[in-house]
Amino acid sequence: MAHFNMKLTILCILALITFSSTSFAKKTSNKPNILLICVDDLRPELGCYGKDHMHTPHMDSLAQQGRLFSRHYVQAPTCGISRFSLLTGTYPRTPSLLKNSVMHNLSKKNALPPTLPQVFKENGYTTIAVGKISHYPGGLVGKEWNNPKQVELLGAWTKSLMPCGEWKTPKKAMHGIAGGIARVRGKTPAIEIKEGPDTIYPDGLITNTAVEQLSELGEEKKPWFLAVGLIKPHLPFTAPKKYWDLYEDKKLPAIANPNKPTRNLTWHRSPEFFGSYSHSGKKRGKDTDYAAHVRRHYYASVSYADAQIGKILSALEQSGQQENTIIVLWGDHGWNLGERSIWGKHNLYEEALHAPLIIRMPHMKHAGIPANAITETCDIFPTLCELSGLKAPKGLDGTSLTAQLKKPEAPTDGLAVSFWRNSQSLRTDQYRLTRYVKDGKTDYNLFLFPEDKAPDQQQVLEVTKTLSDKFVNP
Ligand SMILES: [Ca+2]
């Protein structure tokens, strides 16, 4: 009898386990996985953005299967602040938020708004970061960006990984060159090409780690949110030689608007490019061959990043999870590659604020047709919440892009706002209006699009009057 009872008890336990795991699998299977790929300093100069001199087959293919947002603008032309807006869905409204260390500063004070991975984690997702997602690759701060006691985003990640290989620390990997050599400010070359496999630079290692994670996540019962952050094409412009070979003899289009603006609001002398890296005696703006040489190195870095993206997307497909995974490809801001006589970001001109955004959903309608409405980075947070059936936090500045994912021609509110120091810039369908404040004086700069002529004084007055209430107050 005792034996029979024990058997019955075991059967009941087995039945319970079977029932609960079935119902758990049912409960979680309707939640999509999220694969967010962040690329550092990526201009929308890609094949899928109509730039035929570029070799970017994997991003092009993703755009064919998904929705390319042709006019996506970032909230700030620098890594940490733009990523703050991606990860919180909010504008960096006040000067205290306009710092690359913004997320760590707020975390220390327990004042960071709910972050995108945190919302997914709190809703039952496994959340994993690989590489540079927030400002610090690996998500730790401290002298070498690896102090486990200083976490940049509290409560966001189930795990956060940064493989550093021979560079040993995230800080050295971020700005280093081949051979595990860390940057020496002003002495390390801005460009480098070396023979070797993809792992001679850190993105090869980041990609291998992401591929391993995707394979392990195939066994995961919970839905997952995997963010992978590649650090190229950020300076220094480095790549294995096979990517350089794609551009060595390629004829490049001329640099658009190459001259220094006559009204140089937020114009700068490219201190990151010319000051933090060496240029073998090449003179600023004097050597057009060197300018083309630098551009080819940037493009080689882009194709190197594209190849890593190809490996990640192929691993997703091989893991059998593609049909339940939403893919987002995002560039954290643009880069002036000689336009307006700037080599760098950190300004409020069009080139530094325009960045790639592609979203692919499983079984998507009208795949391959771009959405041309104005969109901005803080829209991504509410979009991913809505697509996953999660409640977005209150007070977001972004608006969900689900309408544009369903129908590419769906309109948006038609406004993107960008912030830099005391200045702000508004981008609408036809205009960019920048409000520049320095030493207590306010000035405005208007651009018309397409940018083939300058506005006349009457237009400046009218547009400034119409748009002035769109500037964002703290
Ligand atoms: Ca960046």
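Residues numbered from 1 in each chain as written. Predicted model: local features only at pLDDT ≥ 70, side-chain atom pairs only at ≥ 80, totals over all residues.

Concerning the overall build of the chain
Operational definition: Helix and strand assignments come from DSSP, with helices taken as H or I runs of at least 4 residues and strands as E runs of at least 2, each series counted from the N terminus. This radius of gyration counts C-alpha atoms alone. The globule rule is 2.2 Å times how many residues there are, raised to the power 0.38. With C-beta atoms placed from the backbone, a residue counts as buried when 20 or more other C-beta atoms lie within 10 Å of its own, as exposed when 12 or fewer do, and as partly exposed for counts between those limits. Residues are defined as contacting one another if the C-beta atoms placed from their backbone atoms lie within 7 Å.
A count of helical and extended segments in the chain gives 14 helices and 18 strands. Against the globule reference of 23 Å for 474 residues, the chain gives a C-alpha radius of gyration of 23 Å, in line with a compact fold. For the chain, the spread of C-alpha atoms along the principal axes amounts to about 95 × 55 × 45 Å. Evaluated residue by residue, the chain yields a buried proportion of 48% over its 474 residues. Of all intrachain contacts in the chain linking residues separated by at least 6 positions in sequence, the fraction that spans at least 24 positions is 70%.

Quick look at helix 10 (residues 288-318)
Going by this rule: Any helix carries an expected span of 1.5 Å times its number of residues minus one.
Here helix 10 contains 31 residues, and its C-alpha end-to-end distance of 45 Å stays within 8% of the 45 Å for a straight helix at 1.5 Å per residue. Gly320 occupies a position one or two residues after helix 10 and carries a positive phi of about 75 degrees.

Section: the packing of helix 2 (residues 57-65) against helix 10
What counts here: Axis definition: a line fitted to C-alpha atoms, limited for helices to the stretch in contact. Angles are taken between N-to-C directions and run from 0 to 180 degrees. For classification purposes, angles smaller than 35 degrees are called roughly parallel, those larger than 145 roughly antiparallel, those between 65 and 115 roughly perpendicular, and all remaining angles oblique. Just so you know the grouping, Ala, Val, Leu, Ile, Met, Phe, Trp, Tyr, Cys and Pro go in nonpolar, Asp, Glu, Lys and Arg go in charged, and all remaining residues, Gly too, go in polar.
Where helix 2 meets helix 10, the closest approach of the two axes is 7 Å, and the angle between their N-to-C directions is 55 degrees. One way to sum up the angle between helix 2 and helix 10 is to call them oblique. Of the residues in helix 10, those in contact with Pro57, His58, Met59 and Leu62 of helix 2 are Asp306, Ala307, Ile309, Gly310 and Leu313. Among the residues making up the contact of helix 2 with helix 10, the classes are represented as 6 nonpolar, 2 polar and 1 charged.

Thoughts on the sheet that holds strand 13 (residues 357-360)
Short version of the rule: Pairing between strands is defined by DSSP: at least two bridges between the two strands are required.
In spatial order, the strands read 6-3-8-1-10-13-2-14; together these 8 strands make up an open sheet with mixed pairing. The two strands at the open ends of the sheet, each matched to only one other strand, are strand 6 (159-161) and strand 14 (371-376). Recorded for the sheet is a direction-independent mean angle of 20 degrees between the axes of neighbouring strands. Across 4 bridges, strand 10 (residues 325-331) lies against strand 13 in antiparallel orientation. Counterpart to Leu329 in the pairing with strand 13 is Ile358.

Re the pairing of strand 13
In summary, the side chains of a regular strand alternate between the two faces of the sheet. On strand 13, burial covers both faces: Leu357 and Ile359 on one face and Ile358 and Arg360 on the other are all buried. Bridging between strand 2 (residues 67-73) and strand 13 involves 2 bridges; their strand directions are antiparallel. Looking at the pairing, Leu68 lines up with Ile358 of strand 13.

Observations concerning unusual backbone geometry
Of note, the amide linkage connecting Lys232 to Pro233 takes the cis form, showing an omega dihedral of 10 degrees. Inspection of the secondary structure puts Pro233 in the loop between strand 8 (224-230) and strand 9 (237-240). Geometrically, the link from Leu235 to Pro236 is a cis peptide bond, its omega value of -10 degrees lying close to zero. A positive phi is found at Thr266, a non-glycine position, where the angle reads about 65 degrees.

Description of the environment of Ile133
Examined against the element boundaries, Ile133 turns out to sit in the loop between strand 3 (126-131) and strand 4 (140-141). Each C-alpha atom, one on Ile133 and one on Val39, is 8.8 Å from the other, the two residues being 94 residues apart in sequence. When residues no more than four places from it in sequence are discounted, the contact partners of Ile133 are Cys38, Gly139, Ala227 and Gly229.

Considerations on the confidence of the model for the chain
Selection criterion: The pLDDT score gives, residue by residue, the confidence of the prediction method on a 0 to 100 scale.
Confidence in the prediction of the chain, expressed as mean pLDDT, is 93, and 93% of residues score 70 or more. Taken as a whole, residues 10-28 scores under 50 in pLDDT and shows 6 contacts with residues more than four places along the chain or in a different chain.

Details of the packing of helix 7 (residues 202-217) against helix 10
Interaxial distance between helix 7 and helix 10 falls to 9 Å at its minimum, and their mutual angle equals 10 degrees. The angle between the axes of helix 7 and helix 10 places the two elements in the roughly parallel class. Contact residues: helix 7 offers Asp203, Thr207, Ala210, Val211, Leu214 and Ser215, while helix 10 offers Tyr304, Ala305, Gln308, Lys311, Ile312, Ala315 and Leu316. When grouped by side-chain class, the residues that make up the contact of helix 7 with helix 10 number 8 nonpolar, 3 polar and 2 charged.

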